[in-house]
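Structural overview for review
Read off the chains here:
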Amino acid sequence: MRHGDVFSKLNRNPQDRFRLLKTLSSHLFSHEIIQTTVSRAKELARYAEKTITIAKRAQSDQSRLKVFERVMQPDTGTKVLTVLKERYQGRSGGYTRVLKAGRREGDKAPMAIIELVDRPNELKKYLEIKE
């Protein structure tokens, strides 16, 4: 039975898993598109969407601090509370997109591209640069 399996453990203990998600979300919010493994991308999508939702509802200092706790770098938290909050104000969810991107060269791990939707730069430009 799968009681309590609500998220992937990513083969890490809880502290390392949350540190990994904080780092990945900081990179996602600063670059707005990153490439990682499929399992990490799926967990990151859940984590990043919750962070943006908290930022959209942030009206007190406590909720702003919660956003800063969920990212690694302070300038990234500021970007979430200003730029991304404004961008997704009219949207009720679905802030990220996960696209499968083949397999990694060394160990053949399934890779994915995760990006923030409605961003100014298009995915096509990113894929042209990588090829």
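Just so you know, these numbers come straight off a predicted model, no measurement behind them. Per chain, residues are indexed from 1 in the order of the written sequence. It should be noted that, the model being predicted, local features are given only for residues of pLDDT at least 70 and side-chain atom pairs only at 80 or more, the latter also being counted only at that level, while totals for whole chains, interfaces and linings use all residues. Only hydrogens and water are set aside when side-chain values are computed; all heavy atoms of the structure are taken into account.

**Some remarks on the overall build of the chain**
The helix and strand inventory of the chain stands at five helices and three strands. Put simply, the chain runs from its N terminus to its C terminus through helices and strands in the order α-β-α-α-α-β-β-α. In summary, the chain has a C-alpha radius of gyration of 15 Å against a globular reference of 14 Å for 131 residues, a match within 12%. Projected onto the principal axes, the alpha-carbon positions of the chain cover approximately 45 × 40 × 25 Å. In the chain, which comprises 131 residues, the share counted as buried stands at 38%. For the chain, long-range pairs separated by at least 24 residues make up 58% of all intrachain contacts whose partners lie at least 6 apart in sequence. Only the protein chains shown count as cover for residues, and all accessible areas are computed by the Shrake-Rupley method using a 1.4 Å probe. Accessible surface for the chain amounts to roughly 8,500 Å². Of this, 50% is attributable to carbon and sulfur atoms. For helices the rule is a DSSP run of H or I covering at least 4 residues; for strands it is a run of E covering at least 2, with both sets numbered from the N terminus onward. Based on C-alpha atoms, the radius of gyration is set beside the globule rule, defined as 2.2 Å times the residue count to the power 0.38. Relative accessibility thresholds used throughout: buried, under 20% of the residue-type maximum; exposed, over 50%; partly exposed, between the two (1.4 Å probe, protein chains only). In this description, contact between two residues means that some pair of their heavy atoms is separated by no more than 4.5 Å.

**Considering the environment of threonine 36**
When you line up the elements, threonine 36 lands in strand E1 (residues 33-37). You can call threonine 36 buried: its relative accessible area is 6%. Non-local contacts of threonine 36, meaning those with residues more than four positions away in its chain, are made with Ala41, Met111 and Ala112.

**Some thoughts on the nonpolar core**
Counting residues in each nonpolar core, the largest one holds 26 residues, and the members touching the most others are Leu28, Phe29, Tyr88, Ile114 and Leu116. Setting aside residues no more than four positions away along its own chain, leucine 28 makes contact with Ile33, Ile34, Leu44, Ala48, Thr96, Ile114, Glu115 and Leu116. As used here, the term nonpolar core means buried Ala, Val, Leu, Ile, Met, Phe, Trp, Tyr and Cys residues forming a set that is joined through side-chain atoms within 4.5 Å.

Purely geometric stuff here, so don't read any function into it on its own.
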